[in-house]
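# Examination of the molecular architecture
So the chains spell out like this:
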Amino acid sequence: MSDRGFQPRALGEIAIRCADMGAMVRFYEEVIGLERLTGDHNSAITFFRIAEGFCGHTQVLALFHHMTAPRPGLHPTNEGKPATGGASSLHHIALSLPFDEQEAVMRWYDKIGQPYRVEQFGWIGWRGIFTEDPEGNTVELVAYDRSMLSQA
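Criteria and cut-off values
Per-chain numbering applies: the sequence of each chain, read as written, is numbered from 1 onward. Reporting of local features is limited, given that this is a predicted model, to residues whose pLDDT is at least 70; pairs of side-chain atoms are given and counted only at 80 or more, and all residues count toward the totals for whole chains, interfaces and linings. With hydrogens and water stripped out, all remaining heavy atoms of the structure feed into the side-chain values. In this text, helices come from DSSP runs of H or I with a minimum length of four residues, and strands from runs of E with a minimum of two, each type numbered from the N-terminal end. Each residue gets one of three labels from its accessible area relative to the maximum for its type: buried under 20%, exposed over 50%, partly exposed in between, using a 1.4 Å probe on protein chains only. Two strands pair under a simple rule: DSSP has to find at least two bridges between them. A side-chain nitrogen of Lys or Arg and a carboxyl oxygen of Asp or Glu constitute a salt bridge if their distance falls within 4 Å.

## Quick look at the environment of I124
With respect to the helices, strands and loops of the structure, I124 is situated in the loop between β6 (117-121) and β7 (126-132). Exposure remark for I124: the relative accessible area of 26% places this residue in the partly exposed category. Along the backbone, I124 and D145 are 21 residues apart, and their C-alpha atoms lie at a distance of 9.1 Å.

What follows is the structure, given as structure tokens:
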């Protein structure tokens, strides 16, 4: 622990602004397989469970319709479609899973025709499977395995 007296321990929430809530809700529920906690394709906000989390705070993915401002001033809105890809400040989101489930991810993506690419990060022992959601955000399903470590 630092002189600050606190140390963040886990990621609590990822929130993405969306133009097409229906397509985004379907993708994260049906393609990625996250459990929907609240909301649906017609909701202004939809929450998905990622994992148990830390100290009782469930890790979540939140989809916010880009015209929604649950707290005006704190959460700005925009009438235009949110920027994705190279125009966005979001590079990608990565969700962790066991290494032995990555083959199932690739089989699933192949079965449903979901484009993806695989990258290995030998310096840290990760393998990532990258795809894009319907609005162009890069989504990685990443896993650690000792076999992925580089022999440097």
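Let us keep going from here.
## Digging into the pairing of β6
The pairing of β6 with β7 spans five bridges and is antiparallel. Bridging from a neighbouring strand, V118 pairs with I129 of β7. Counted between consecutive antiparallel strands, the loop separating β6 from β7 contains four residues, among which G125 sits at a positive phi close to 80 degrees.

## Focus: the pattern of salt bridges
In this structure the tally under the stated criterion is four salt bridges. Residue E119 is joined to R117 by a salt bridge in which the shortest nitrogen-to-oxygen separation is 3.0 Å. Since its relative accessible area comes to 29%, E119 is described here as partly exposed. Residue class for R117 comes out partly exposed when judged on its relative accessible area of 44%.

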